[in-house]
Amino acid sequence: MAIRDWPIKRKLTAILLLISGLVLLLTSAAFVTYEVVTFRQTIRSQLATRSRILAANSTAALAFANEADAREILGALKYDPHMVAAALYDRNGRILATYPAAPSADLIPAAPQPDGYRFEGGRLVGFTPVAQGENQRLGTLYIASDTKAVSDALRLSGVIAIVVLAIAMLAAYALAAALQGRISAPILALAETATAASTRQDYSLRAPKFGEDELGALTDSFNQMLGRIEEQKQELQQHATRLEQRVAERTKELERRALELQAANSELDAFAYSVSHDLRAPLRSIDGFSQVLLEDYAAQLDQAGRDSLQRVRAASQRMATLIDDLLKLARVTRTEMRTERVDLSGMAREIVLDIQRTSPDRQVEFAIAPGLEAQGDSRLLRVVLDNLLRNGWKYTGKQPQPRVEFTAVDENGDRVFVVKDNGAGFDMKYADKLFGVFQRLHSSAEFEGTGVGLATVRRIINRHGGRIWAEGIVDQGATFYFTL
Amino acid sequence: MALMSSLLLVQGESPRTSEYQLKAVFLFNFVQFVDWPPSAPQDSQPPPPLLIGILGDDPFGTFLDETVRGERLGARSIQVRRYRRIADIEACNILFISRSESERVPEILSAVKNRPVLTVSDGDEFASQGGIIQFFTDKNRIRIRINLDAAEAANLTISSKLLRVAEVVRTPKR
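### Regarding the overall build of chain A
(1) Moving on: Each helix and strand in chain A was counted, giving nine helices and 12 strands.
(2) Moving on: By residue count, 24% of the 484 residues in chain A fall in the buried class.
(3) Moving on: Taking the contacts inside chain A whose residues are at least 6 apart along the sequence as the reference set, 65% of them involve residues at least 24 apart.

Here it is in structure tokens:
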């Protein structure tokens, strides 16, 4: 596991141990170094002292070349096991006596070296002048001591250092383990509370506080935050409940109103249907009898009477058309819808052919985009296209170069069908009246019509779940858009 | 082995020469290990030299002169004097009596009796005759024999270190 992923407890303990370990190590190293250095100095000065005593004792032996005496003096060194070798050189640098009596060749230098004491090749060696009186140099004393004492001291202080280190590290570990809790415990408690709060979504939890330090402040802030979240959650819940209630109330009301409306609508439709239906019979009588009058009693009527009867007939025929349209409108609402794939382009072409057949005297240019298709009831959609295209044809009546287009565009992923003409157009401030029943922007004298067609179109479009709207400029044309 | 051979070499090269070379050094070294009674205070500057006298034929050749050349004992220089006759002997500090005078040893000794003169000789029996220091040869090495009574009689103090390396005798009771 990477160190940064260690639990805080372990990190704290590790940091404390690392610091105390480093400090202890440096201290121990300093201790051992000090011990060894001072010990080396001590044994050096000890050797110097011993050398001077021996040198003072060996003056006569050197002065009078008494080898036996010299050997005896040097022989006293055997009481110190650290003394490896010794020798007395006379004034001319020749060896008078050695210790041990028969030394191995490398133990004793052939000639004396400069006076002084030094560590050399694992030994402490010293050359001491032997002099009698003030400055009467008689020769040189050589003593070599092994450095076992130094290595013994090193080992001893090393062992002491290691023992102290081990005990101190144990104590440091125990202390660290005991003290790290002061820092880690609040953090752990905080983390535990945070985890519990987020997993169980229980914001009524509170982290325990251990003291007034930064961690205590953090705990306070955290608890305050939890409190705020809890309050807000409650508020939110209250709002949601209230909202739900209101939605339910509104829905109920809307449903009730929809039912009422539906009832009223169907009553109205039924009423309109029966009225229209029932109106046709007397209308037929009016027209029929007017025709009888015109045909059978034409001689008894003067011109004014015939004209009046002609007007009665025209009016009653117009009224029959109106009633037919109204019945159509009512049927649109009442008929079952059968949804299928409908070829609108083909349908438009059929309608155009029909228009041109019935009115060959007018030359209107129809432009129909190919391949326009939609999902819907073909009978109803035929009514829509029929109305829109005939409108276009009708309102371009005063245009020298009349033209009607049927195309489609894609707007925000929705297919929008467009029927555009360059006819009379309309003022945009009346745009919302276009689709109302009996709402006409032009007089019958100008353009004939009942004012029911666009209302029917809108109803059909609405039944398909689509939308219809129009744009127009007076004398420049109108554009109808619809989606399905 | 190198050590032994070098020792042998020291004693191997022209024995007589090296014997007196060594004796010359010994003679000079006595200066270090013997205390003479303080002489009467003298105002003369520099202090009087320390004198080593040789009575009779000089066996040292130039060795002794070379040995003491430039050496001093404290402020005192060291000088070598040679005497033919007893009457020539001055207030010297060390008197070496040559073998040529061996017949006259008692006479010489009585001449310096009670004077602080360290008498030295390599004549046989010199110490038992009342001389203070006698050189003798033992196992091919030059050794020293000291007559402590004679030294005391001459009012000389001999360092215990010197005594340590010497053979100490007393004047035989007559």
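### Thoughts on the pairing of strand β8 (residues 373-376) of chain A
Residue and element names in this part refer to chain A.
(1) Moving on: Because side chains alternate across β8, one face comprises the buried residues Ala 374 and Gly 376, and the other comprises Glu 373 and Gln 375, none of which is buried.
(2) Moving on: When strand β6 (residues 340-343) meets β8, the two strands line up antiparallel, connected through four bridges. Within the sheet, the bridge partner assigned to Asp 343 lies in β8 and is Glu 373.

### A closer look at the interface of chain A and chain B
(1) Moving on: In this assembly, 16 residues from chain A lie in contact with 16 residues from chain B.
(2) Moving on: Mapped by element, the contributors of at least two residues to the side of chain A that touches chain B are α2 (59-63) and β2 (95-99) of chain A.
(3) Moving on: Here the side of chain A that touches chain B takes four residues from α2 of chain A, the largest share from any one element.
(4) Moving on: Each residue belonging to the side of chain A that touches chain B can be placed in one class, and the counts come to seven nonpolar, six polar and three charged.

### Considerations on the sheet that holds strand β12 (residues 477-482) of chain A
In any sheet, the strands associate via hydrogen bonds between backbone groups, in a parallel or an antiparallel arrangement.
All names here are of chain A.
(1) Moving on: Spatially, the five strands line up as an open sheet ordered β7-β9-β10-β12-β11, and their pairing is mixed. The open sheet terminates on both sides in strands that have one partner only, identified here as β7 (365-368) and β11 (468-473). On average, adjacent strands in this sheet sit at an angle of 20° to one another, irrespective of strand direction.
(2) Moving on: Running over the sheet, helix α7 (residues 344-358) touches β7, β9 (403-411) and β10 (414-421) and is turned about 165° from β7.
(3) Moving on: In the packing of helix α8 (residues 378-395) onto the sheet, contacts are made with β9, β10 and β12, and the angle to β10 comes to roughly 25°.

### Description of α7 of chain A
Residues and elements named next belong to chain A.
(1) Moving on: With 15 residues, α7 extends 21 Å from end C-alpha to end C-alpha; this agrees with the ideal 21 Å at 1.5 Å per step.
(2) Moving on: Leu 344, Met 347, Ala 348, Ile 351, Val 352 and Ile 355 are the residues of α7 that are buried. Down the axis, α7 shows its buried residues gathered within 135° of arc, on one side only. Facing away from the buried side of α7, by more than 90 degrees, are the exposed residues Leu 353 and Arg 357.
(3) Moving on: Considering only its buried residues, α7 is in contact with β6, β7, β8, α8, β9 and β10.

### Thoughts on the packing of helix α6 (residues 303-334) of chain A against helix α9 (residues 453-463) of chain A
Residue and element names in this part refer to chain A.
(1) Moving on: Packing of α6 against α9 leaves a shortest axis separation of 10 Å and a crossing angle of 5°. Our classification of the angle between α6 and α9 gives roughly parallel. Touching Lys 328, Leu 329, Val 332 and Thr 333 of α6 are Ala 455, Thr 456, Arg 459 and Ile 460, all from α9.
(2) Moving on: Grouping the constituent residues of the contact of α6 with α9 by class yields four nonpolar, two polar and two charged.

### Examining the packing of α7 of chain A against α8 of chain A
Residue and element names in this part refer to chain A.
(1) Moving on: It is at 10 Å that the axes of α7 and α8 come closest, and there the two elements cross at 50°. The angle between α7 and α8 falls in the class oblique. The handedness of the crossing between α7 and α8 comes out as right-handed. Each of Leu 344, Met 347, Ala 348, Ile 351, Val 352 and Ile 355 in α7 lies in contact with α8, whose residues at this interface are Leu 381, Arg 382, Leu 385, Asp 386, Leu 389, Arg 390 and Trp 393.
(2) Moving on: Grouping the amino acids of the contact of α7 with α8 by side-chain chemistry returns 10 nonpolar, no polar and three charged.

### A word on the environment of Arg 143 of chain B
All names here are of chain B.
(1) Moving on: On the secondary structure map, Arg 143 appears in strand β8 (residues 141-147).
(2) Moving on: In sequence terms Arg 143 and Asp 122 are 21 residues apart; their C-alpha atoms lie 10.0 Å from each other.
(3) Moving on: Apart from residues no more than four positions distant in its own chain, Arg 143 is found in contact with Phe 136, Asp 138 and Glu 167.

### Observations regarding the nonpolar core
(1) Moving on: If you look at the biggest cluster of nonpolar residues, it comprises 72 residues, and the most contacted ones within it are Leu 88 of chain A together with Leu 27, Ile 94, Leu 95 and Leu 118 of chain B.
(2) Moving on: Counting residues per element, this core draws most heavily on helix α2 (residues 15-33) of chain B, at eight residues.
(3) Moving on: Ignoring any residue separated from it by four or fewer positions in sequence, one finds Leu 27 of chain B in contact with Ile 52, Leu 64, Ile 94, Phe 96 and Val 120 of chain B.
(4) Moving on: Membership of the second largest hydrophobic core comes to 43 residues, among which are Phe 366, Ile 368, Ile 460 and Phe 482 of chain A.

### Quick look at the sheet that holds strand β10 (residues 167-169) of chain B
All names here are of chain B.
(1) Moving on: Spatially, eight strands are ordered β3-β4-β2-β5-β6-β7-β8-β10 in an open sheet, and the strand pairing comes out mixed. A single partner strand is all that each edge strand has here, and the edge strands are β3 (72-73) and β10.
(2) Moving on: Both strand β2 (residues 50-55) and strand β4 (residues 76-83) contribute to a ladder of six bridges, which runs parallel. Pairing of Ile 52 across the sheet is with Val 80, part of β4.
(3) Moving on: Strands in contact with helix α4 (residues 105-112) are β2, β5 (94-97) and β6 (118-121); relative to β5, the strand with the most contacts, it is inclined by about 170°.

### Focus: helix α5 (residues 214-296) of chain A
Residues and elements named next belong to chain A.
(1) Moving on: With 83 residues, α5 extends 115 Å from end C-alpha to end C-alpha; this agrees with the ideal 123 Å at 1.5 Å per step.
(2) Moving on: Arg 280 marks where α5 bends most, by close to 25°; the proline Pro 282 follows one to four residues later.
(3) Moving on: The inward-facing, buried residues of α5 contact α4 (148-200) and α6.

### Re the environment of Arg 82 of chain B
Residue and element names in this part refer to chain B.
(1) Moving on: Position of Arg 82 among the secondary structure elements: in strand β4.
(2) Moving on: Classification of Arg 82 as partly exposed rests on a count of 16 C-beta atoms within 10 Å.
(3) Moving on: Note: C-alpha distance between Arg 82 and Gly 56 (26 residues apart in sequence) is 7.6 Å.
(4) Moving on: Excluding residues that lie within four positions of it along the chain, Arg 82 makes contacts with Ile 54 and Asp 58.

Rules behind the numbers
- Residues numbered from 1 in each chain as written.
- Chains lettered and ligands numbered in written order.
- Predicted model: local features only at pLDDT ≥ 70, side-chain atom pairs only at ≥ 80, totals over all residues.
- Helix = DSSP H or I, 4+ residues; strand = E, 2+ residues; numbered from the N terminus.
- Buried ≥ 20, exposed ≤ 12 C-beta atoms within 10 Å, placed from the backbone.
- Contact = placed C-beta atoms within 7 Å.
- Pairing = 2+ DSSP bridges.
- Nonpolar A, V, L, I, M, F, W, Y, C, P; charged D, E, K, R; others polar.
- Axes fitted to C-alpha atoms, helices over the stretch in contact; angles between N-to-C directions.
- Expected span 1.5 Å × (residues − 1).
- Arc of directions from axis to C-beta.
- Parallel < 35°, antiparallel > 145°, perpendicular 65-115°, else oblique.
- Left-handed = near helix turned anticlockwise from the far one by under 90°.
- Core = buried A, V, L, I, M, F, W, Y, C linked by C-beta atoms within 7 Å.
- Bend = angle between axes of the 7 residues up to and from the residue.

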